[in-house]
Amino acid sequence: MNLTDRFLKYVSFDTQSDELTNMTPSTPGQMVFARYLKEELENMGLEEITLDDNGYLMATLPANSDKAVPTVGFIAHLDTSPDMSGKNVKPRIVRNYKGGDIVLNEDEKIKLSPDEFPELLNYVGEDLIVTDGTTLLGADDKAGIAEIITAIEFLKNHPEIKHGKIRIAFNPDEEIGLGAHKFDVDLFGADFAYTMDGGAIGELEFENFNAASAKVTIKGRNVHPGSAKHKMINSMRVATQFIVMLPRWETPEHTEGYEGFYHLVGIQGSVEETVLTYIIRDHDRARFESRKREIEHLVRKTNTEYPGCASVEIKDQYYNMREKIEPVMHIIEIAEKAMREAGVEPKVQPIRGGTDGAQLSFKGLPCPNIFAGGENFHGRYEYVAINSMEKAKDVIVNICKEVHG
């Protein structure tokens with residue numbers, strides 16, 4: 001099966017994760033997909049194949065050389081984002097994209113336009129895989145899975161290419177921040193690894209946000225509105241006061257590069273109680289800690305006007321992997337060389353988000369992130385260039401060659 005056909009098969013699996021189930025994997029479709037992949041890896045003749053009850057699938061392509069070299073790993077995630085349905089995905093290949101709008105769904109008048117997504121013009125002349133506008137595509141991260149398996153199949157079929165032991169892993173629930181939580185680093189047994197979970201061609205990332213969640217709870221007091229003067233405390237109105245106290249411009253829609261933000265991701269409210277859910281992000285650890293303190297300060301400030309009304313629960317989610325990668329920067333140099341040998345110019349940039357690699361790096365497995373080739377993840381406008389996927393596959397092969405030397 002070639003890379004494109006493999007990817008088109010993979011996106012047919014509904015693997016949308018769900019942070020509310022408190023299970024691992026969080027949805028049954030991820031295990032269905034993992035079992036399918038396990039059978040595929042068995043048919044390829046890989047070794048040390050394991051699939052645990054939590055949906056973590058691992059396998060080995062043994063070394064075909066006696067040379068002592070590090071064990072390298074490649075990792076991608078099974079799930080797709082909860083932000084939009086991944087059920088009944090209907091991908092379509094747009095051959096030789098000419099520029100201009102791509103009609104995704106004529107009935108719903110949904111189009112993919114370079115007026116809204118100017119990076120689309122970078123792919124003029126290429127073959128693109130798009131959605132029908134009613135679901136996401138799933139290139140995040142089924143493109144990564146397809147690239148890894150296709151690269152491993154290529155190496156297995158070309159024993160003249162010498163390499164050391166190669167480990168691969170596919171894990172659940174990355175999109176809800178739990179992909180690395182039950183990942184058995186010791187069982188995986190790699191000296192270092194790469195997540196194939198980046199975006200556009202050339203991306204190479206070893207810096208990510210420090211991340212936390214903040215749950216702000218505001219208690220109100222409900223009284224009949226006809227006799228509410230000086231008695232009622234409407235928690236929703238207090239919540240809106242809290243929202244506007246945070247810096248207006250320090251939000252995702254106003255920041256880029258290394259700029260951090262506060263992001264309000266959920267509101268549930270009534271007069272009696274309102275819960276605000278935030279995520280807090282910053283690449284700089286000191287600014288990250290300052291942002292958490294600011295949330296706590298605003299809660300105290302709210303309580304000066306409405307005593308005992310507000311409370312907050314802040315939980316750290318992951319940290320910037322840079323501090324774990326800097327001592328082993330040769331693994332970045334290996335990836336850069338592998339990209340150039342594939343005809344891809346590396347674009348080293350910070351991740352404005354997180355990957356499983358960040359958490360894995362803090363668990364003792366240095367794990368930078370490499371492009372999988374997709375654009376506009378998590379929504380109906382997601383697409384991937386077939387050439388970008390092929391180049392990602394070539395990069396994996398080249399990394400294995402480079403590690404062997």
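Described in the following lines is the structure provided in the data block. Since we're looking at a predicted model, the values are computed, not measured. (Residues numbered from 1 in each chain as written. Predicted model: local features only at pLDDT ≥ 70, side-chain atom pairs only at ≥ 80, totals over all residues. Heavy atoms only, no water.)

1. Structural notes on the packing of aromatic side chains
Aromatic ring pairs are defined here through the distance separating the ring centres and the angle between the ring planes.
Consideration 1: The final tally for this structure, using the stated rule, is 13 aromatic pairs.
Consideration 2: Between the aromatic rings of Phe-13 and Tyr-36, the centroid separation amounts to 5.0 Å while the plane-to-plane angle is 50 degrees, which identifies the pairing as tilted. Highlighted residues: Phe-13 in the loop between helix H1 (3–10) and helix H2 (28–44) and Tyr-36 in helix H2, separated in sequence by 23 residues.
Consideration 3: Here Phe-13 falls in the buried class, since its relative accessible area comes to 13%.
Consideration 4: Ring geometry for Phe-209 and Phe-261: centres 5.3 Å apart, planes at 85 degrees, overall edge-to-face. Of this pair, Phe-209 sits in the loop between strand E10 (203–205) and strand E11 (210–219) while Phe-261 sits in strand E12 (residues 261–269), and the two are 52 residues apart along the sequence. (Phe/Tyr/Trp six-rings, centres within 6.5 Å; stacked < 30°, edge-to-face > 60°. Helix = DSSP H or I, 4+ residues; strand = E, 2+ residues; numbered from the N terminus. Buried < 20%, exposed > 50% of the residue type's maximum accessible area, 1.4 Å probe, protein only.)

2. Focus: the sheet that holds strand E7 (residues 128–130)
Consideration 1: Read across the sheet, four strands follow the order E4-E7-E18-E17 without closing on themselves; strand pairing throughout is antiparallel. Only two strands of the sheet have a single neighbouring strand rather than two, namely strand E4 (92–94) and strand E17 (374–375).
Consideration 2: Direction of pairing for E17 relative to strand E18 (residues 383–385): antiparallel, over a ladder of two bridges. Looking at E18, one finds that Gly-374 is bridged to Val-384.
Consideration 3: The sheet contacts of H1 involve E4, E7 and E18, and relative to E7 the element is tilted by about 10 degrees.
Consideration 4: Lying over the sheet, helix H10 (residues 386–404) contacts E4, E7 and E18, oriented at roughly 60 degrees with respect to E18. (Pairing = 2+ DSSP bridges. Contact = heavy atoms within 4.5 Å. Axes fitted to C-alpha atoms, helices over the stretch in contact; angles between N-to-C directions.)

3. Points about H2
Consideration 1: When the terminal C-alpha atoms of H2 are compared, their 25 Å separation across 17 residues agrees well with the 24 Å that a helix rising 1.5 Å per residue should span.
Consideration 2: Of the surrounding elements, those touching the buried residues of H2 are H1, strand E1 (47–51), strand E2 (57–61), helix H3 (139–157) and strand E8 (166–171).
Consideration 3: One or two residues past the end of H2 sits Gly-45, with phi positive at roughly 90 degrees. (Expected span 1.5 Å × (residues − 1).)

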